[in-house]
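One-letter residues, chain by chain:
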Amino acid sequence: MPRNNLTAAPVPAAICLEQVDKWYGEFGQQVHALDVTDLEVLQGEFVVLLGPSGCGKTTLLRMIGGLIAPSHGRLRVMERDLWKGKTRQSDAVADLGVVFQDANLFPWLTVGQNITLPLELRGAPKDDCLARVRELASLVGIAGFEQRWPRELSGGMRQRAAIARALSYDPDILLMDEPFGALDAMTRDAMNIELQTLWIKTAKTIVLVTHSISEAVFLADRVILLSPRPGRIDTVVNIPFARPRLLDTQTTTEFQSIVRDLRHRLDEIS
Ligand SMILES: Nc1ncnc2c1ncn2[C@@H]1O[C@H](COP(=O)(O)OP(=O)(O)OP(=O)(O)O)[C@@H](O)[C@H]1O
Ligand SMILES: [Mg+2]
């Protein structure tokens, strides 16, 4: 649960969806991809989305990220409407940083230039960009690699650079679509630990999509399991483990029992 739940004041919502759905395609050949009646992600919360392939996880993340419009319903980010009809409200998008499965770094820019690209596009002075690159490279653990080309980095380091880029303009919310899906198991464990540290340090709201149930349970305050298409909220599980969680948490009976229950439910609905 959100870390400031000891205070009396309720934690405000970072993301709020009401009666949101998404249809793709032309009339007569439409695909009903997503149907979310009610979803709130609180500020500072770490929410992980799980669900069968094709159930609409990426669709949901892209809608929250302002990349595609919902067909119906209301979607608010930091209490501002993200869409008015089909028109995206740019002031609401500014609060979001997005990381995809492939780091998507531009090969013709150095790692540092990739990280500060969003800042430069926003007209930030060069000196501010340089200072920010140093700060972010160190935060995500790639200090010293700012002048290298993306091809000179390992897969894990490229993902770190992509996370740094998403954080460059200090968004309140980080959206991550299978950010570690292409990494080997050991690098993925290390990235999970570091993502948790980064989340604790920065107090961002994070919504992350994964296919790994144990990654979901390890990282999340709350795991949300979506049903097959159209993706509807099937199960919500609050994860009780204290922070910071260690990899050893995964060997506890309680952890394994939550993973097992989620796996059974996923098998049932798939
Ligand atoms: N641009 C598009 N045009 C038409 N249909 C689409 C489009 N994007 C997604 N879909 C369909 O919407 C459904 C949900 O897709 P989405 O990519 O959101 O699923 P997902 O849960 O992210 O799947 P995966 O786990 O495989 O990444 C799928 O049936 C997909 O075929
Ligand atoms: Mg997807």
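None of the values given here were measured: they were computed from a predicted structure.

Engineer: Let's hear about the packing of helix α3 (residues 111-121) against helix α5 (residues 155-167): which residues, and what values?
Structural biologist: The description of two packed helices rests on the angle between their axes and on the distance between the axes. Interhelical geometry of α3 versus α5 gives an angle of 30° and a closest axis separation of 7 Å. By the angle class used here, α3 and α5 are roughly parallel. α3 and α5 meet at a crossing whose hand is right-handed. In contact with Val-111, Asn-114, Ile-115 and Pro-118 of α3, α5 contributes Ala-161, Ala-164 and Arg-165. A breakdown of the residues in the contact of α3 with α5 according to their chemical character gives 5 nonpolar, 1 polar and 1 charged.

Engineer: An account of the site of ligand 1 is requested, with residue identities and associated values reported.
Structural biologist: Within the structure, ligand 1 sits among 13 residues, and Ser-53, Gly-54, Lys-57, Thr-58 and Thr-59 are positioned closest to it. With respect to ligand 1, the side chain of Thr-58 contributes an N or O atom lying 2.8 Å from an oxygen atom. The contact in question runs from an oxygen atom of ligand 1 to an N or O atom on the side chain of Arg-229, over 2.9 Å. Protein coverage of the free-state accessible area of ligand 1, which is 640 Å², stands at 61%. With 3 residues, the top contributor of residues to the shell around ligand 1 is helix α1 (residues 57-64). When grouped by side-chain class, the residues that make up the shell around ligand 1 number 4 nonpolar, 6 polar and 3 charged.

Engineer: Talk me through unusual backbone geometry; I want residue IDs and the actual numbers.
Structural biologist: With the exception of glycine, the majority of residues adopt a negative phi angle, and the majority of peptide bonds are in the trans configuration. Residues Arg-229 and Pro-230 are joined by a peptide bond in cis, for which omega reads -5°. You can see Pro-230 is positioned in the loop between β11 (222-226) and β12 (233-238). Here Arg-243 and Pro-244 are connected by a cis peptide whose omega angle stands at -10°. When you line up the elements, Pro-244 lands in the loop between β12 and α8 (253-269).

Engineer: Any chance you could break down the packing of α3 against helix α4 (residues 126-139) for me, citing the residues and the numbers?
Structural biologist: Interhelical geometry of α3 versus α4 gives an angle of 125° and a closest axis separation of 9 Å. Considering the angle they form, α3 stands oblique to α4. Crossing angle aside, the handedness with which α3 passes α4 is right-handed. Here Gly-112, Ile-115, Thr-116, Leu-119 and Glu-120 of α3 lie close against α4, whose contacting residues are Cys-129, Arg-132, Val-133 and Leu-136.

About the thresholds
Residues numbered from 1 in each chain as written. Chains lettered and ligands numbered in written order. Predicted model: local features only at pLDDT ≥ 70, side-chain atom pairs only at ≥ 80, totals over all residues. Heavy atoms only, no water. Axes fitted to C-alpha atoms, helices over the stretch in contact; angles between N-to-C directions. Helix = DSSP H or I, 4+ residues; strand = E, 2+ residues; numbered from the N terminus. Parallel < 35°, antiparallel > 145°, perpendicular 65-115°, else oblique. Left-handed = near helix turned anticlockwise from the far one by under 90°. Contact = heavy atoms within 4.5 Å. Nonpolar A, V, L, I, M, F, W, Y, C, P; charged D, E, K, R; others polar. Near = heavy atom within 4 Å. Polar contact = N/O pair within 3.5 Å; in protein donor to acceptor, adjacent residues only side chain to side chain. Areas by Shrake-Rupley, 256 points an atom, 1.4 Å probe, with all protein chains shown as cover.

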